[in-house]
Structure formats: C-alpha cells, structure tokens
Amino acid sequence: MFDVVIIGSGLGGLVCGSLLAREGKRVLVLERQAQPGGCMQSYQRDGLSFDTGLHYVGGLAEGQPLHAVFSHLGLMQLPWVRLDADGFDRVTIGQQTFPLAEGYDHFADTLGEYFPQEREGLKQYVELMRHLPPMEEIGIVSAYDWLRSVFHDPLLINVLSGSAMKMELRRESLPLFTFAHGMSSYIGSSWRLRGGGHLIVNALVNDIKRLGGQVVCHAEVNELVEKEGRVVAARCTNGNMYEGDVFISDVHPQLTFKWLADSHLLKNTFRRRIAAMENSFGMFTVSLVLKKGVLPYFNHNKYVYNEADDVWSMARSAEGRLQGKNDQRSTPNGLMVSCRVPETGSDARQIDLMTPMSWTLCESWANTTVGRRGENYEMLKSHLADECIRLAERVIPGLHGMVEKYYTSTPLTYRDYTLTPCGSAYGIRKDYRNLLMTTLSPRTPVPNLLLTGQNLILHGVEGVTRTALMTCGELLGKDLILK
C-alpha cells in the first residue's frame with residue numbers, strides 16, 4: 001500500500017514523485033515503457049545518445065522561475081551550459097538573421113537596433129515578459145492580436161514569434177498567457193544540458209528511490225479500480241494491482257478517464273468535454289550525426305524560415321497543407337536547428353532539426369507500430385528529412401555533405417512511446433476564446449485522483465514543473481509548496 005501512486009514517469013510525474021517523497025510520502029511511479037522519462041528520456045544509437053524532447057531550458061539563473069525548485073530537487077548540480085547572451089536564439093527570415101539576446105533590457109535594446117521605430121513596443125513586450133500577469137487576465141487575450149496591437153512592422157512580429165516553435169503558433173486560438181510563459185524564461189536565461197535529458201530523469205528517479213519510493217517499468221495501467229467513490233488500485237495489463245491512498249496521472253486525460261469506464265463520479269457532460277478537447281500538432285525530428293571535425297559547436301539555436309513565410313502560418317502548414325500539398329512533395333515552412341553540447345572537444349557531432357507535423361500526414365499509418373509502417377512511410381520520412389536539411393543549409397551551408405547518418409521521428413513515434421493522442425507535442429490545445437473549457441485543474445471529479453503534466457495549463461520544462469508544484473500543493477498545501 002502506497003501513499004501516492006503516480007502513473008507515468010514523464011517530467012511531471014517524476015517531479016511530483018520527488019517532491020512528495022521528500023515530504024515523507026511513500027511513492028510508487030508506474031511506467032509502461034522499459035525506461036522512465038517520457039519525452040525527457042534519451043535513446044541510444046551506435047554508441048551515441050539522442051534526446052527526444054529536451055533541447056534547452058529557460059529561467060535557471062538565481063532568482064528566476066526554475067532555479068529554486070531545481071535547486072530543491074538537486075537538478076542545478078547537473079552540467080548546465082548557458083547559451084550565448086548576445087543571441088541564445090537566432091531567427092533567420094529570408095536573407096536576414098536577428099539575434100534574440102538574454103536579459104529583458106538587452107533583448108529590447110538588441111532588436112531595437114534592427115527596428116528603431118519599434119523601441120516603445122519592444123519595451124512594452126519585455127515588461128509583459130518580465131512581469132507576467134495571471135492567467136485570468138491575459139489567458140483570454142489572443143497572442144497574435146496582442147502582438148499586432150503593439151507592433152506595426154510585420155517582420156518584427158515574425159522575428160519575435162520565430163523562436164516560438166516550442167509552442168503551437170496558431171493565430172486562431174493561442175492565448176497570450178501561453179505565448180508569454182513560453183517565451184519569458186528563455187529571455188531571462190537559456191541553458192543546454194551537456195549529456196542530455198536522461199540526466200534529469202536519472203537524478204529524479206534516484207532521488208525517489210533514495211527516499212524510499214519505487215519506480216516500476218513495464219507496468220502499463222489499463223484500469224483504475226474505484227470503490228465507494230475513490231480509486232483504490234491501479235490494475236496493469238500484466239494483472240498486477242497497486243493499491244494507494246492517492247493517485248496522480250501524468251498520462252493524457254483522454255486516456256486517464258478511460259481507465260474509469262464504469263465510474264459514476266464522471267458525468268457524461270464531463271466525459272464529452274474531455275473527449276472533445278483538441279490536441280496541438282506534433283513534430284517531425286531529424287537527428288543528424290555529423291562527420292568528425294566538419295562543424296564547430298554553436299552555442300545557440302537557429303530558427304530558419306523561407307522569405308515569403310508568415311511564421312504564424314506554421315500551424316496551418318502543420319495541419320496538413322504544407323505549401324498546399326498533403327503528400328510526399330510537402331516541404332517545411334520553418335525549422336528549429338539545435339546543436340547538442342559536445343561531451344568532448346569543441347566540434348558539433350549531433351544536430352536536431354525540428355518542424356511541426358500534422359497528424360493528417362500520419363493518419364494512413366495510424367494502425368501500425370514502430371518499425372512496421374511500410375515503404376511509403378519511409379519514403380515520406382526520407383523526403384521530409386531531405387527538405388529539412390535543405391532548409392537548414394541556409395544557415396549551415398554544405399550541411400548535407402557533413403551528415404554521416406540520421407534518424408527520424410514523427411508524431412506516430414511519440415504516440416507509440418508516450419500514448420499521447422495524435423503524437424501531440426504540446427498537449428491539449430489552449431484556446432483564448434474558451435479558456436475554461438481548454439484548461440484543466442489538477443483536481444478531478446474523483447476525490448483522490450489528481451492530474452499533472454503538460455495537458456493541464458502550461459507545457460515545456462517550466463510549465464510542467466509549475467504544474468507539478470500545483471498538483472503537489474493539492475496534497476501538501478500551497479503554503480508548503482511556496483516555501
């Protein structure tokens with residue numbers, strides 16, 4: 001019998017597990033895969049380690065949003081590398097490249113050199129980022145409309161939005177709250193982790209175990225057993241049952257509530273609301289292995305777009321209309337280029353290329369599994385990989401000739417490994433037009449079942465960590481969490 005049973009070992013589940021174990025709770029974490037971590041885990045190919053979701057983190061400097069909780073969890077001891085202060089992100093649109101500088105004033109001053117007529121708007125922008133208003137104030141405001149009300153130059157709006165591939169830039173729905181939280185901490189300070197996301201996973205898992213908790217892999221939950229209005233056990237596909245006082249799900253809510261098929265506490269209106277929630281688009285990733293000694297490491301991220309592209313058109317493109325073609329001729333409109341920190345030497349060995357990808361491009365293979373999707377799927381991935389490399393060559397000339405080998409992943413890959421519907425990269429789509437219906441509280445209609453993870457309010461490392469704090473606050477009290 002455990003005090004808390006956590007289902008899913010993504011960042012949210014592991015942060016909850018570590019925080020609760022530190023407060024004396026007997027914690028059990030259940031993970032369906034062979035290794036914990038969710039989108040924070042790494043995978044091995046030919047002696048190299050590749051990240052699946054972690055590429056950089058914002059707000060780790062002292063006094064910034066993540067520093068206190070990461071220090072409490074022992075994660076600040078990991079080998080963090082701070083990105084270039086004069087341009088941690090560099091956005092290329094057409095033939096121009098614009099640096100996004102670290103520090104709110106430095107950020108505004110740097111872009112002000114390129115857009116002198118927009119200096120007042122830039123001051124207003126960084127003030128919003130520096131002093132983030134509460135969700136109820138800016139969650140009902142359109143991010144796109146707000147940017148257009150502050151800035152007059154469409155190019156500057158594209159530059160400011162160009163590094164936002166860490167969220168779904170969908171002009172029809174994206175709340176200003178989501179946009180501002182997704183950008184703010186990175187301007188404060190941006191960091192990469194030498195060694196990859198599995199270092200965070202290992203640190204949290206070891207912490208849970210050190211404090212008397214357990215992390216069990218190959219434990220796929222398929223039912224939450226309810227008795228007298230409470231969950232009393234999680235049943236796994238192998239027949240094992242795990243009893244607990246409180247249950248926390250780090251799994252997508254649409255799947256979580258299916259485990260309570262016969263619950264009388266979940267009204268039909270609630271079930272319909274959860275089932276109707278739309279998910280954000282997924283990502284296509286090309287993980288490049290470079291030949292030795294061909295490219296120096298670059299300590300920033302590169303974002304590159306075609307000259308005619310509106311950055312905010314990326315969502316439409318990802319929804320299956322890549323340049324108007326929903327087939328193997330499709331080409332990406334924009335790209336994030338992330339360089340892994342070398343563990344030895346100063347040359348780059350691994351680069352990730354990422355672009356939004358719609359589930360509509362994957363639907364033909366929805367009923368297939370990893371490694372068994374057929375020739376047409378492999379042809380699509382090969383075509384998209386070549387197009388991504390071609391677009392990246394605008395900022396890394398000759399990249400194609402530097403590549404020794406590469407590996408690809410699609411929303412199908414993420415779906416199969418994390419059970420995220422449609423392989424969504426950012427979880428449930430938040431909509432400023434109907435914020436209450438597209439955000440979820442950690443609390444559920446079942447008194448001892450809580451939720452955590454990117455599907456509730458905010459996604460990303462900071463967003464998921466904040467959400468985990470909220471979830472733990474429901475058990476430990478908000479005052480203790482704030483302390």
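It should be noted that the structure appears before, not after, this text.
By convention here, each chain's residues receive numbers from 1 onward along its written sequence. The predicted origin of the model limits local features to residues at a pLDDT of at least 70 and limits the giving and counting of side-chain atom pairs to 80 or more, whereas totals for whole chains, interfaces and linings rest on all residues. Only heavy atoms go into the side-chain values, all of them from the structure, while hydrogens and water stay out.

K.L.:
Break down the overall build of the protein chain for me, with residues and values.
P.N.:
The helix count covers DSSP runs of H or I at least four residues long, the strand count covers runs of E at least two residues long, and both are numbered beginning at the N terminus. Within the protein chain, the regular secondary structure consists of 18 helices and 19 strands. Radius of gyration here is computed from C-alpha atoms only, and the compact-globule reference equals 2.2 Å multiplied by the residue count raised to the power 0.38. Computed over the C-alpha atoms, the radius of gyration of the protein chain is 22 Å, within 12% of the 23 Å expected from 2.2 N^0.38 for a compact globule of 483 residues. Overall, the protein chain is about 65 × 50 × 45 Å in size when its C-alpha atoms are taken along their principal axes. Only heavy atoms enter the contact rule, under which two residues are in contact if any of them lie within 4.5 Å. Considering only intrachain contacts with a sequence separation of at least 6, the fraction spanning at least 24 residues in the protein chain is 72%. Of the accessible surface of the protein chain, which amounts to about 19,600 Å², a share of 49% is contributed by carbon and sulfur atoms. Each accessible area value is a Shrake-Rupley result obtained with a 1.4 Å probe; residue values ignore everything except the protein chains displayed when judging cover.

K.L.:
Go over unusual backbone geometry, please, and point to the residues and values.
P.N.:
Despite not being glycine, His-218 shows a phi value in the positive range, around 55°. Residue position: His-218 is located in the loop between strand E10 (214–216) and strand E11 (221–227). Burial here depends on accessible area, computed with a 1.4 Å probe over protein chains only, as a share of the maximum for the residue type. Under 20% is buried, over 50% is exposed, and the range in between is partly exposed. Classification of His-218 by relative accessible area gives exposed; the value is 57%.

K.L.:
I'd like a description of the side chain of Thr-444, backed by residues and values.
P.N.:
With respect to the secondary-structure elements, Thr-444 resides in the loop between helix H16 (435–438) and strand E19 (449–451). Residues adjacent in sequence count toward polar contacts only when both atoms are side-chain atoms; beyond that, a polar contact is any pair of N or O atoms within 3.5 Å, and within protein one must be able to donate a hydrogen and the other to accept it. One polar contact links the side chain of Thr-444 to the main-chain carbonyl oxygen of Leu-449, over a distance of 2.8 Å. If near-sequence neighbours (up to four positions away) are discounted, Thr-444 is found in contact with Phe-257, Leu-449, Leu-450 and Leu-451.

K.L.:
Mind laying out the environment of Asn-376, listing which residues take part and the relevant values?
P.N.:
When you line up the elements, Asn-376 lands in helix H13 (residues 375–392). On a C-alpha basis, the gap between Asn-376 and Gly-59 in space is 42 Å, while along the polypeptide they are 317 residues apart.

K.L.:
Before we move on, can you summarise the environment of Asp-145 with the specific residues and values?
P.N.:
Within the secondary structure, Asp-145 is located in helix H6 (residues 143–150). By relative accessible area, which is 36% here, Asp-145 ends up partly exposed. Taking the C-alpha atoms as reference points, Asp-145 and Leu-176, 31 residues apart in sequence, are found 8.9 Å from one another.

K.L.:
Residues and numbers for the pattern of salt bridges, please.
P.N.:
Here, a salt bridge means any side-chain nitrogen of Lys or Arg that lies within 4 Å of a carboxyl oxygen of Asp or Glu. For the structure shown, the criterion picks out 25 salt bridges. We note a salt bridge from Asp-89 to Lys-166, for which the minimum N-O separation is 3.9 Å. Within this pair, whereas Asp-89 is found in strand E7 (residues 89–93), its partner Lys-166 is found in the loop between helix H7 (154–161) and helix H8 (176–188), the two being separated by 77 residues in sequence. Like Lys-166, Asp-89 is buried.

K.L.:
How would you sum up the sheet that holds strand E15 (residues 301–305)? Please name residues and give values.
P.N.:
Between any two strands, pairing holds if DSSP finds at least two bridges. Taken in spatial order, the seven strands line up as E8-E7-E15-E16-E17-E14-E18 in an open sheet, and their pairing is mixed. Single-partner strands in this sheet number two, and they are strand E8 (96–100) and strand E18 (403–409). This sheet shows a mean twist of 20° between the axes of neighbouring strands, independent of strand direction. Bridge count for strand E16 (residues 334–339) against strand E17 (residues 350–357) is four bridges, and the pairing is antiparallel. In the sheet register, Val-337 faces E17, and the bridge partner there is Leu-353. The angle between two axes is taken between their N-to-C directions and runs from 0 to 180 degrees, where each axis is a line fitted to C-alpha atoms and a helix contributes only its stretch in contact.

Functional significance is not addressed by these values, which are geometric in nature.
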